[in-house]
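Coordinate analysis (summary)
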Amino acid sequence: MKQFLIFVKKEWLHIWRDRRTLFILLFMPIIQIILYGFALTNEVKNSKIAIFDQSKDEATVNISDKIAASRYFNLVKNVYSYKDIEATFRKGEIRMAIVFPRGFRYDLLHSNHAQIQLIADASDPNTANTLTNYATSIINDYQQTLNPGEGLPYTIKTQVRMLYNPELKGAYNFVPGVMALVLMLVCAMMTSIAIVKEKEMGTMEVILVSPLKPFRIIIAKTIPYLLVSMLNIASILLLSVYALDVPIAGNLGLLIAESILFTITSLSVGILISNTAKTQQTAMFTSMMSLFLPTLLFSGFMFPIENMPVPLQIISNIVPAKWYFIIVKEVMIKGLGFAAVWKETMILIAMTAALLGVSIYKFKIRLA
Amino acid sequence: MMETEKVISAKELTKRFGAFTAVDKITFDVQKGEIFGFIGANGAGKTTAMRMLCGLSLPTSGLATVAGFDVYKQNEQIKKHIGYMSQKFSLYEDLTIRENIRFYAGIYGLDEEQIKEKTAKLLRQLRMEGQDKTLVRALPLGWKQKLAFSIAIVHDPAIVFLDEPTGGVDPITRREFWSLIYEASARGITIFVTTHYMDEAEYCNRVSIMVDGRIDALDTPANLMKQYAATSMDGVFLQLARKAVRTGD
């Protein structure tokens, strides 16, 4: 045990001496949270629009004002012909144009039937959809005010409640995503590099000849990274609560316990990579290629897994980050307890056991 | 005549990887305090043989004891009684001299008091007093190697295995390195050394030459030169190595 602690201390010295890497390790999650939080948002805000109003009556002015006042839109231009609209789109000045036909109010009041045209730049289909939906709902809202109290005889009203995230904030989705990504990268990449470094330097051979048990060596090497990861979990959670207003709805203890479990899974991935990689570069590239992209793609954090073709959905199941992402969403965002995530927890435990099993087995082969 | 004590004894020690026989029935003894040279071309099986003796690899057949312990059943015991220095000199570059000594002494179970004492003695011996807080990275290669050797015997092992310890070092530093080896040998530590330098082979008490997994010659350098009618160990080695079927890697 004393020898074990001496090893952990030595490992800690390695990390401590390499200040630059330590700095990256501790600040990467903070920078990612800030980036995803404020820059890479897929919420639609302040989209530039133009209005082509051929009627200029009380109704069109009212609607235009309502739209321009909303936080989703920013009226940058009034245009006076269809040609103008096209030219403005071509210049990339606007994402959407609203066209009121001639005699809009007259049609609305006398024929009970008025039309508004929404023209959106669908080269980005998601944004185009979102923008037209927002505009439609603002227009519907205006329509409601026209005949207050007296609804049509048979109307169906949809009442929408956005559960767990009433304000539809992107942060509710990416905070769990960044946690999965950062922990996976820090743990797997750094441990695999640290272990392979000893192989490259020739020090691994020397410590294998020493009385230290081989697997204890590996465990000792991972412990400092476990500590660094726990600091990362803390900084991500603090930032998300205090900077991004994403509350921790569930049990903090459970969330931390699950995060430590996922950290151990990631460390095991790192150990497995270090078993096969011969140089630090290989270890780094293997970690990057086999972890970064799959975590990004298959955790469900950027792209919904349900929309993927079945083979990819099946592949996503072997990505540990997917299960951790689900757990964090259930516990942190939805506030559910262990009963809701026991299955995912079991999967992570099984994955960790399998990864460690393969690593021990391979380690023994190398020593035989 | 005084009974000499055998610290390494191998009988028909063999290691096969599938159909390939890396080490083929080697038999030899090494006496306490002896400097035993283990020579062979690349791929002759030196490293495999050494790994078996260090407890890193199990033999396929044959018998061997190291420091009185059986290589099959007692490799944990063997590890406690040997030291090892690899060809890539094996210190941590980003740790200081003192930290390296502490670490290696610590994993061999020395207590605080012993570590302190050993550190002071070692620094004095290498004339590195006052430099204990220098990062190993900043030392010249020759110093690193001398330090690595001193650290490999910091726990006073019965035997120290040196795997091509002087690669890439200038002749003067090599000679200094060998004087450290003689000192250790005088203290009763047995030295088991592999090398590519034939002048170093001449510094050994006895030399074994491996060809294609077998030991083809084993004697004192003087006797070998006489037997092969050569003026240097180089001549002996070339005559034997030419017979090799295997090519080095």
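Calculation notes
Residues numbered from 1 in each chain as written. Chains lettered and ligands numbered in written order. Predicted model: local features only at pLDDT ≥ 70, side-chain atom pairs only at ≥ 80, totals over all residues. Heavy atoms only, no water. Core = buried A, V, L, I, M, F, W, Y, C linked by side-chain atoms within 4.5 Å. Buried < 20%, exposed > 50% of the residue type's maximum accessible area, 1.4 Å probe, protein only. Helix = DSSP H or I, 4+ residues; strand = E, 2+ residues; numbered from the N terminus. Contact = heavy atoms within 4.5 Å. Buried area = accessible area lost by both parts, 1.4 Å probe. Salt bridge = Lys/Arg side-chain N within 4 Å of Asp/Glu carboxyl O. Polar contact = N/O pair within 3.5 Å; in protein donor to acceptor, adjacent residues only side chain to side chain.

Side note on the nonpolar core
Counting 99 residues, the largest nonpolar core has F28, L147, F149, F161, I191, F192 and I209 of chain B as its most contacted members. Tallying contributions element by element places helix 3 (residues 97-107) of chain B first for this core, with six residues. Setting aside residues no more than four positions away along its own chain, I191 of chain B makes contact with E34, I35, F36, F149, V160, L162, I181, A184 and S185 of chain B. Ranked by size, the runner-up nonpolar core spans 56 residues in total, among them I33, V182, M184 and I233 of chain A.

Observations regarding the interface of chain A and chain B
On the side of chain B, 32 residues touch chain A, which itself brings 28 residues to the contact. It is R17, V209 and P211 of chain A in chain A that bury the most area against chain B; as a group they hold 24% of the surface buried on that side. Across the contact surface, chain A and chain B share one salt bridge. A salt bridge links E99 of chain B to R17 of chain A; the shortest N-O distance between them is 2.7 Å. Counting the contacts that link chain A with chain B gives nine residue pairs in polar contact (both at pLDDT 80 or more). Among the elements of the structure, helix 1 (2-17), helix 7 (171-201), helix 8 (203-209) and helix 14 (338-367) of chain A are those that each provide at least two residues to the side of chain A that touches chain B.

Examining unusual backbone geometry
All names here are of chain B. Positive phi outside glycine occurs at E12, with the angle close to 50°. Looking at the secondary structure, you find E12 in strand 1 (residues 6-17). Unlike most non-glycine residues, K25 shows phi in positive territory, near 45°. Along the chain, the position of K25 falls in strand 2 (residues 20-31). The exposure class assigned to K25 is exposed, which follows from its relative accessible area of 54%.

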